[in-house]
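Structural features, examined
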Amino acid sequence: FSSMVSAGLPVLEQKERYKVGFAQSESNNPWRIAETKSFKEAALSCNWDLVYTDAAGSAAKQVSDVDSMIAQQVDVIFLPPREERPLLPAVMRAKSQGIPVFLVDRSVDAKVAQAGRDYVSFLGSNFIEQGQLAAQWLIENTGGQAKIIELEGTTGSSPANDRRKGFDDEIAKHAGMTILASQSGDFARDKGRKVTETLLQSHPDVNVIYAHNDEMAIGAIQALEASGRKAGTDVLIVSIDGTRDALQAIIDGKMALTVESSPFFGPLACATLKRYVGGETIEPWVRVSDRIFTIDNAAKHIDEAY
Ligand code: AHR
């Protein structure tokens with residue numbers, strides 16, 4: 001088992017196999033499924049005994065999943081916290097029991113918990129930059145004139161908070177760019193479709209939809225088509241992730257852009273854990289860099305997509 005070092009991070013001894021917890025938040029979209037697959041593959045190639053849980057979209061269940069991993073005395077926990085605040089006590093409990101926690105893909109409230117003190121590190125993308133990239137592409141490609149509906153991710157999650165901030169701050173610099181409405185579709189296709197249906201009625205003049213992930217963008221395409229509008233022509237759609245369905249929608253002319261957000265965290269988790277066990281101080285943020293997919297490169301990358 002790992003042992004505690006006073007107020008610092010837990011130390012993990014070198015050994016043949018590690019018992020590794022991965023507490024997934026939900027499995028309702030291709031992104032989450034790809035992330036889980038990546039961890040399961042890493043477990044095989046890195047000699048881990050994987051303890052896997054799925055919180056089925058409930059932060060409360062994710063808290064009890066982490067607590068159960070603590071009770072099972074896993075060596076280390078990889079956690080994508082569904083929301084920024086509710087998972088904080090579980091992260092603190094793991095640390096106090098001598099179990100190092102790595103946050104993967106999503107983070108917790110930085111005002112309360114700190115990398116290098118309460119958890120080892122955050123492995124993930126720059127969500128603020130993703131929002132900025134989507135906004136900058138729109139500003140350049142609409143001549144700075146757009147009426148936008150924003151479909152937000154899960155309320156209280158770090159990607160929803162940061163993708164909104166990055167995008168909204170950039171858009172606010174341009175007088176011709178207006179955000180007509182901004183509402184949560186919980187990162188889910190069907191909720192994205194329903195929210196778009198409602199917002200199209202109150203804002204029929206919309207000509208851009210910015211979705212915080214591809215699943216909601218696909219839902220928005222369905223809602224637009226059901227209302228007799230042409231996705232990609234009457235309304236430009238931009239989003240984030242880089243799923244197979246989104247790249248196909250770009251090839252079909254229904255979507256304009258998706259900013260990549262990689263779900264393939266298994267190999268990075270394996271490499272970072274090896275460094276940690278080897279006694280390295282891990283940087284507070286292990287950054288993942290993301291590309292942009294448009295009609296210029298979607299066909300080239302669709303075979304790697306999930
Ligand atoms: O945390 C990353 C986000 O979570 C992805 O953009 C989304 O598809 C997933 O549910």
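This structure is a prediction, so every number in the text was calculated from the model and none was measured.

This next bit is on the environment of Gln72. Take Gln72: it is sitting in the loop between helix H2 (59-71) and strand S3 (76-79). Distance in space between the C-alpha atoms of Gln72 and Pro267 is 24 Å, their sequence separation being 195 residues. Those residues in contact with Gln72, other than ones at most four positions away along the chain, are Lys19 and Val51.

Quick look at the site of the ligand now. Close to the ligand lie Asn29, Trp31, Arg32, Asp105, Arg106, Pro159, Arg163, Asn213 and Asp241, which account for all nearby residues. Here an oxygen atom of the ligand and a side-chain polar atom of Asn29 are 3.1 Å apart. In this structure, an oxygen atom belonging to the ligand sits 2.9 Å away from a side-chain N or O atom of Arg106. Computed on the free molecule, the ligand has an accessible area of 280 Å², of which 99% lies beneath the protein chains in the complex. Of all the secondary-structure elements, those providing two or more residues to the shell around the ligand are helix H1 (30-45) and helix H5 (158-171). Tallied by class, the residues present in the shell around the ligand amount to two nonpolar, two polar and five charged.

So, about the packing of aromatic side chains. A full pass over the atoms with the stated rule returns 11 aromatic pairs. Within the aromatic cluster, the residues linked to one another by ring pairs are Phe22, Phe39, Trp48, Tyr52, Phe78, Phe102 and Tyr276. The cationic tip of Lys40 hangs over the ring face of Tyr52; the distance from NZ or CZ to the ring centre is 4.5 Å. Above the plane of the ring of Trp285 lies Arg287, whose end atom (NZ or CZ) is 3.8 Å from the centre.

In this model, H2 (13 residues) spans 18 Å end to end at C-alpha, consistent with the 18 Å of a helix rising 1.5 Å per residue. For H2, the full list of buried residues reads Ala59, Gln62, Val63, Asp65, Val66, Met69 and Ile70. Buried positions in H2, seen along its axis, are confined to an arc of 160° and lie on one side of it. Relative to its buried face, H2 has exposed residues pointing more than 90 degrees away, namely Ala60 and Ala71. Buried-residue contacts for H2 involve strand S1 (18-24), strand S2 (48-54), S3 and helix H3 (88-96). Looking one or two residues past H2, Gln73 carries a phi angle of roughly 55°, positive in sign.

Of the two faces of strand S4 (residues 101-104), the one carrying Val101 and Leu103 and the one carrying Phe102 and Val104 are both buried. Note that S3 and S4 share three bridges and pair parallel. Directly across from Phe78, in S4, lies its bridge partner Phe102. Following the chain from S3 across H3 to the adjacent parallel S4, one finds a crossover that is right-handed.

About the thresholds
- Residues numbered from 1 in each chain as written.
- Predicted model: local features only at pLDDT ≥ 70, side-chain atom pairs only at ≥ 80, totals over all residues.
- Heavy atoms only, no water.
- Helix = DSSP H or I, 4+ residues; strand = E, 2+ residues; numbered from the N terminus.
- Contact = heavy atoms within 4.5 Å.
- Near = heavy atom within 4 Å.
- Polar contact = N/O pair within 3.5 Å; in protein donor to acceptor, adjacent residues only side chain to side chain.
- Areas by Shrake-Rupley, 256 points an atom, 1.4 Å probe, with all protein chains shown as cover.
- Nonpolar A, V, L, I, M, F, W, Y, C, P; charged D, E, K, R; others polar.
- Phe/Tyr/Trp six-rings, centres within 6.5 Å; stacked < 30°, edge-to-face > 60°.
- Lys NZ or Arg CZ within 6 Å of the ring centre and 35° of its normal.
- Expected span 1.5 Å × (residues − 1).
- Buried < 20%, exposed > 50% of the residue type's maximum accessible area, 1.4 Å probe, protein only.
- Arc of directions from axis to C-beta.
- Pairing = 2+ DSSP bridges.
- Right-handed = clockwise from strand over helix to strand, strands pointing away.

Any link to function would need more than the numbers given here.
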